[in-house]
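# Secondary and tertiary structure notes
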Amino acid sequence: MLPFNPIKRAKDVERIVVKNGKRKYYRFRFARYYGEIATLDTIGCCLLCAYCWNYFRNLKPENYGNFYSPEEACDKIISIMERRKLERVRISGGEPILGEKSFNHLIKVIQTILELKPEAVFILETNGIMLGYEEKFCKKISEFPVFVRISLKGWDEDSFEKISGAEGKFFELPLIALRNLRDLGIEAWPAIMHEIFYSHRKEIEEKIKDVGVEIEEEYLEAYPFVIENLKKRGISFKASLRY
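Let us look at the structure shown here. Quick caveat, the model's predicted, so the values are computed rather than measured. (Residues numbered from 1 in each chain as written. Predicted model: local features only at pLDDT ≥ 70, side-chain atom pairs only at ≥ 80, totals over all residues. Heavy atoms only, no water.)

On to the overall build of the protein chain, then. Tallying secondary structure elements over the protein chain gives 11 helices and 9 strands in all. If you line up the protein chain on its principal axes, its C-alpha atoms span 45 × 40 × 35 Å. Across the 243 residues in the protein chain, those meeting the buried criterion constitute 56%. If you take every contact in the protein chain between residues at least 6 apart in sequence, the share linking residues at least 24 apart comes to 75%. A total accessible area of about 11,400 Å² is found for the protein chain, and carbon and sulfur atoms account for 48% of it. (Helix = DSSP H or I, 4+ residues; strand = E, 2+ residues; numbered from the N terminus. Buried < 20%, exposed > 50% of the residue type's maximum accessible area, 1.4 Å probe, protein only. Contact = heavy atoms within 4.5 Å. Areas by Shrake-Rupley, 256 points an atom, 1.4 Å probe, with all protein chains shown as cover.)

Here is the structure:
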């Protein structure tokens, strides 16, 4: 039922995807982003973004993936890093931070990878909801040499609600997260979906001008279900889509 409270949804989803210190993942892979990177794809998110390529897995997280301990997940991803001779690693697919349990799992993954691969560049991809809601998570992350990419889901409350499915009043949380992380000395930056934000970039630039960071642009994966979701929610998008 849209819109929903993303904090409540985070807790509900966490109960499904985190059990006894283990987190649900559905694959471990090589990707060409960031100049080639090893990727852990998680299951479960506190948002249901219309353009999410992982939409159905995050809609019904109980139906997908398998549970892995931090050590098991690290074994798999380090194997890929060594086989492909990669230095970069990231968590993607779902939201890595849903609450205390998922956050503790994440920290153990970060610790283990950086202990075994001190030269690794760890990129944390997040929607920033829980980082904006719980500043203590930002403070803990600042203990590690990680990079944080915050994917923004709108340029105001109305667009945030349409895109993410969450109540518009939570729009500011990712922006708060970005400021908190930067204040703590963490290399963090925002990312926006080009085909959705194309005529609203200046609006979001104005909202984060005090942070002084470049905005990364990502590009829509125009799967048929993505186009259908965008149309159902009344979200305008550029016609020049890539698939």
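So, about empty space enclosed by the protein. Applying the stated criterion across every chain yields a total of 1 cavity of 30 Å³ or more. Space inside the largest cavity adds up to approximately 40 Å³. If you go around the largest cavity, the residues you meet are Leu-152, Lys-153, Gly-154, Phe-160, Phe-171, Pro-174, Leu-175 and Ile-204. Class assignment of the residues belonging to the lining of the largest cavity gives a composition of 6 nonpolar, 1 polar and 1 charged. (1 Å grid on protein atoms, 1.4 Å probe; cavity = no way out; pocket = protein on both sides within 12 Å on 5 of 7 lines; lining within 4 Å. Points joined across faces, edges and corners; volume = space filled by probe spheres on them. Nonpolar A, V, L, I, M, F, W, Y, C, P; charged D, E, K, R; others polar.)

Moving on to the side chain of Thr-42. By the element assignment, Thr-42 lies in strand β3 (residues 37–42). Looking at Thr-42, its side chain comes within polar contact range of the main-chain nitrogen of Gly-94, at 3.0 Å. Once you skip the residues sitting within four places of it in the chain, Thr-42 turns out to touch Arg-23, Lys-24, Tyr-25, Tyr-26, Asn-54, Ile-91, Ser-92, Gly-93, Gly-94 and Glu-95. (Polar contact = N/O pair within 3.5 Å; in protein donor to acceptor, adjacent residues only side chain to side chain.)

This part covers the pattern of salt bridges. Counting across every chain of the model gives 19 salt bridges. Two residues, Arg-182 and Glu-187, come together in a salt bridge whose shortest N-O distance is 3.8 Å. Arg-182 sits in the partly exposed class, given a relative accessible area of 29%. A single network of salt bridges, built from pairs that share partners, joins Lys-8, Asp-12 and Arg-15. (Salt bridge = Lys/Arg side-chain N within 4 Å of Asp/Glu carboxyl O.)

In this structure the tally under the stated criterion is 9 aromatic pairs. Ring geometry for Tyr-25 against Tyr-68: centres 6.2 Å apart, planes inclined by 70°, an arrangement best described as edge-to-face. Of the two residues, Tyr-25 sits in strand β2 (residues 22–31) while Tyr-68 sits in strand β4 (residues 66–68), which places them 43 residues apart along the sequence. An identical accessibility class is assigned to Tyr-25 and Tyr-68; each is buried. (Phe/Tyr/Trp six-rings, centres within 6.5 Å; stacked < 30°, edge-to-face > 60°.)

So, on to helix α1 (residues 6–17). For α1, built from 12 residues, the straight-helix expectation of 16 Å at 1.5 Å per residue is met to within 8% by its first-to-last C-alpha distance of 16 Å. Where α1 is concerned, the buried positions are Pro-6, Ile-7, Arg-9, Ala-10, Val-13, Glu-14 and Val-17. Seen from one end, α1 has its buried residues packed into an arc of 150°, which puts them on one side. The exposed set on the far side of α1, more than 90 degrees from its buried face, consists of Lys-8 and Arg-15. One side-chain oxygen of the residue at the start of α1 lies 2.8 Å from the amide nitrogen of Ile-7, identifying that residue as Asn-5. (Expected span 1.5 Å × (residues − 1). Arc of directions from axis to C-beta.)

Quick look at unusual backbone geometry now. For the bond from Leu-2 to Pro-3, the omega torsion is -5°, close enough to zero to count as cis. Secondary-structure assignment places Pro-3 in the segment before α1. For Tyr-34, which is not glycine, the phi torsion reads 55° and is therefore positive. Taking the relative accessible area as the measure of exposure, Tyr-34 reaches 23% and is therefore partly exposed. In this structure, Lys-85 takes a positive phi of about 60° despite not being glycine. Along the polypeptide, Lys-85 turns up in the loop between α3 (70–84) and β5 (88–92). Lys-85 sits in the exposed class, given a relative accessible area of 73%.

In short, the description is geometric, and any link to function would need to be established separately.
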